[in-house]
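# Coordinates in review
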Amino acid sequence: MTYFCTLASGSEGNCYLYVNGRQRILIDAGKNTRYINDGLRQLALSVSDLTHILITHSHGDHVSALPVLLKHTAAPVWCSLATAREIGLLPDR
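Residues numbered from 1 in each chain as written. Predicted model: local features only at pLDDT ≥ 70, side-chain atom pairs only at ≥ 80, totals over all residues. Heavy atoms only, no water.

### Here's the deal with helix α1 (residues 33-42)
Worth spelling out the cut-off: Buried, partly exposed and exposed residues are distinguished by accessible area as a fraction of the type maximum, computed with a 1.4 Å probe on protein chains only: under 20%, between the cut-offs, and over 50%, respectively. Strands here mean DSSP runs of E at least two residues long; helices mean DSSP runs of H or I at least four residues long; both are numbered from the N terminus. Think of the arc as the fan of directions from the helix axis to the C-beta atoms. Throughout, a contact is declared for two residues whenever any of their heavy atoms are within 4.5 Å. Whenever two N or O atoms come within 3.5 Å, that pair is a polar contact, provided that in protein one can donate a hydrogen and the other can accept it, and provided that, for residues adjacent in sequence, both atoms are side-chain atoms.
Among the residues of α1, those classed as buried are Thr33, Ile36, Gly39 and Leu40. Down the axis of α1, the sector holding all buried residues measures 125 degrees, keeping them to one side. Along α1, exposed side chains directed more than 90 degrees from the buried face belong to Arg34, Arg41 and Gln42. Those residues of α1 that are buried lie in contact with β1 (2-8), β2 (15-20), β3 (23-27) and α3 (66-69). Here α1 starts with a cap whose side-chain oxygen sits 3.1 Å from the backbone nitrogen of Arg34, and that cap is Asn32. Just beyond α1, the residue with positive phi is Ala44, at close to 60 degrees.

Structural data, given as structure tokens:
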């Protein structure tokens, strides 16, 4: 089954889920982890079910939950090199 679901959208936080077969990709993590967990639970999923996290850019309303979220999932983060540096996934040059 393939679907796209909005968990949150707006200036207070953005978070989406794309599911395609066994792939469960969280797009942005701009709400707190509890909010994301609750949204995933309504879809019979949990943070541990995520296969990837895609971060579109480094604004807070797209990444605020990422540090805590990464403590609860082994999902790799996909983002541009510049975004990875801006959000602290890579050291500055």
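After presenting the structure, the write-up continues.
### Some words on the pairing of β1
Our working definition: Should DSSP find at least two bridges between two strands, the strands are taken to pair.
In terms of strand pairing, β1 meets β2 through six bridges, oriented antiparallel. When the bridges of β2 are listed, Cys5 appears paired with Leu17.

### Observations regarding the environment of Ile53
Of note, Ile53 is situated in strand β4 (residues 52-54). Taking the C-alpha atoms as reference points, Ile53 and Ile27, separated by 26 residues in sequence, lie 5.9 Å from one another. In this structure, Ile53 is in contact with Leu26, Leu66, Leu69, Leu70, Thr73, Ala75, Pro76, Val77 and Trp78, ignoring residues within four places of it in sequence.

### Quick word on the nonpolar core
Nonpolar side chains in soluble globular proteins generally cluster together in the buried interior. To be explicit about the condition: Throughout, nonpolar core names a set of buried Ala, Val, Leu, Ile, Met, Phe, Trp, Tyr and Cys residues whose side chains join them through atoms within 4.5 Å.
Grouped together as the largest cluster of nonpolar side chains are 20 residues, with contacts concentrated most on Leu26, Ile36, Leu40, Leu50, Ile53 and Leu69. Other than its neighbours up to four places away in sequence, Leu50 contacts Leu17, Arg24, Leu26, Leu40, Thr73 and Ala75.

### Details of the side chain of His52
Within the secondary structure, His52 sits in strand β4. His52 gets classed as buried once you look at its relative accessible area, which sits at 14%. Of the polar contacts made by the side chain of His52, one reaches the side chain of Thr51; its length is 3.1 Å. Not counting residues within four places of it along the chain, the set of residues in contact with His52 comprises Gln23, Arg24, Ile25, Leu26, Ala75, Pro76 and Trp78.

### Observations concerning a nonpolar patch on the surface
Applicable threshold: Two distance rules govern patches: like charges are joined within 9 Å, and nonpolar side chains (Val, Leu, Ile, Met, Phe, Trp, Tyr) within 5 Å, applied only to residues with over 30% relative accessible area and no salt bridge. The method behind every accessible area is Shrake-Rupley, applied with a 1.4 Å probe, and residues are considered shielded solely by the protein chains displayed. The rule for a salt bridge is simple: a side-chain nitrogen of Lys or Arg has to be within 4 Å of a carboxyl oxygen of Asp or Glu.
Together, Leu81, Leu89 and Leu90 give the surface a local cluster of nonpolar side chains, amounting to about 240 Å² of exposed area. Relative to the helices and strands, Leu90 is located in the segment after α4 (81-86).

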